[in-house]
Amino acid sequence: MPRLGVNIDHVATLRQARGGHEPDLLQAALVAEASGADGITVHLREDRRHIQDGDLWVLRKSIKTRMNLELAIEPAMVAIAIEVRPDEITFVPENRAELTTEGGLDVIGQRARVAEAVRRCQAAGLDVSLFIDPSLDPVRASADLGVTAVELHTGRYADATNPEAVQRELAALVDAGALVRRLGLTLHSGHGLNYANVGPVATIAEMTELNIGHSIISAAVFVGLETAVRKMKAAILGEAVTI
């Protein structure tokens, strides 16, 4: 069964809407862990729209599972990551105008910048993953950079609206995942996964980690965070889940 990394960015989004302290981000992380989360994922954006720098230190000190820190390849962000020392750093593309991450990191077009960010983190003894589109060339480029893992962007699969498109995008994930494994990298996936579509992705051979946030936090509005996390774990196991 793949690990479930629960992304709690949108708990911070709700907190920032009022500029106060509620809902408490650490409480959300601890509830997620107690409910079966295998890790906590947060994205420190350059515009600080949800997660704040101080959140990283609180989480790093307090959570018991893995901390996966998503961030851009900008030098200032890399410096923060090196100081915080999460269990894993996942480099993602970032556009300040986007509502959410719109695609995979351009590992080929920005090779020099990505390589420098990876080098700095690895020199500090940190594991690095790259968030990439499920295509063969980005997988090969990621392997050339010597990273530990790649996270395949599942957005096109999640957004597919008919059975043919779903199967086409799932096949792309399967093919990219097979190359990831052949090249000796650890396979992660995430973006847009929910209770209805996560099952097939979870069964891709040697899938190690799924990072899921929006669907879990949305479900938590109706059923509570504990139940939302437990039901996502069940969905990853292939059980039919209703919210």
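Going by the structure above, here's the rest.
Residues numbered from 1 in each chain as written. Predicted model: local features only at pLDDT ≥ 70, side-chain atom pairs only at ≥ 80, totals over all residues. Heavy atoms only, no water.

Colleague: Looking at this structure, I do not really get the overall build of the protein. What am I missing?
Modeller: A count of helical and extended segments in the protein gives eleven helices and eight strands. Rg of the C-alpha trace for the protein: 17 Å, near the compact-globule value of 18 Å for 243 residues, within the 12% margin. Summarising its shape, the C-alpha atoms of the protein cover approximately 45 × 40 × 30 Å along the three principal directions. The 243 residues of the protein split such that 51% are buried. When contacts within the protein are restricted to residue pairs at least 6 apart in sequence, those whose partners lie at least 24 apart make up 64%. Counting only carbon and sulfur atoms, one obtains 51% of the accessible surface of the protein, whose full area is about 10,800 Å². Here the protein holds 24 positive side-chain charges and 32 negative ones, and the gap between their average locations is 3 Å. (Helix = DSSP H or I, 4+ residues; strand = E, 2+ residues; numbered from the N terminus. Rg over C-alpha atoms; globule rule 2.2 N^0.38 Å. Buried < 20%, exposed > 50% of the residue type's maximum accessible area, 1.4 Å probe, protein only. Contact = heavy atoms within 4.5 Å. Areas by Shrake-Rupley, 256 points an atom, 1.4 Å probe, with all protein chains shown as cover. Lys, Arg positive; Asp, Glu negative; His and termini not counted. Charge placed at Lys NZ, Arg CZ, Asp CG, Glu CD.)

Colleague: Could you clarify how one ought to interpret unusual backbone geometry in this entry?
Modeller: Backbone geometry follows two general trends: most residues other than glycine have a negative phi, and most peptide bonds adopt the trans configuration. A cis amide bond links E22 with the next residue in sequence, P23, at an omega value of -5°. On the secondary structure map, P23 appears in the loop between α1 (9-18) and α2 (25-34). The backbone of R85 sits at a positive phi, close to 60°, despite the residue not being glycine. Within the secondary structure, R85 sits in the loop between α4 (75-84) and β4 (88-91). We classify R85 as partly exposed; its relative accessible area is 38%. Phi is positive for H191, close to 115°, though the residue is something other than glycine. Residue position: H191 is located in the loop between β7 (186-190) and α9 (198-202).

Colleague: Just checking my understanding: could you explain the sheet that holds strand β8 (residues 207-212) for this structure?
Modeller: The strands that make up a sheet are held in pairs by hydrogen bonds between backbone atoms, and each pair lies either parallel or antiparallel. Pairing is parallel around the closed barrel formed by eight strands, whose spatial order is β1-β2-β3-β4-β5-β6-β7-β8. Between one strand axis and the next, the sheet turns by 25° as a mean value, whatever way the strands run. (Pairing = 2+ DSSP bridges. Axes fitted to C-alpha atoms, helices over the stretch in contact; angles between N-to-C directions.)

Colleague: Looking at this structure, I do not really get α1. What am I missing?
Modeller: Every α-helix carries 3.6 residues per turn, so stepping three or four residues along brings you back to the same face. Buried within α1 we find D9, V11, A12 and R15. Relative to the axis of α1, the buried residues are bounded by an arc of 155° and lie together on one face. Exposed positions of α1 whose direction lies more than 90 degrees from the buried face are L14, A17 and R18. Looking at the buried side of α1, the elements it contacts are β1 (3-7), α2, β2 (39-43), α3 (53-62) and α10 (214-223). (Arc of directions from axis to C-beta.)

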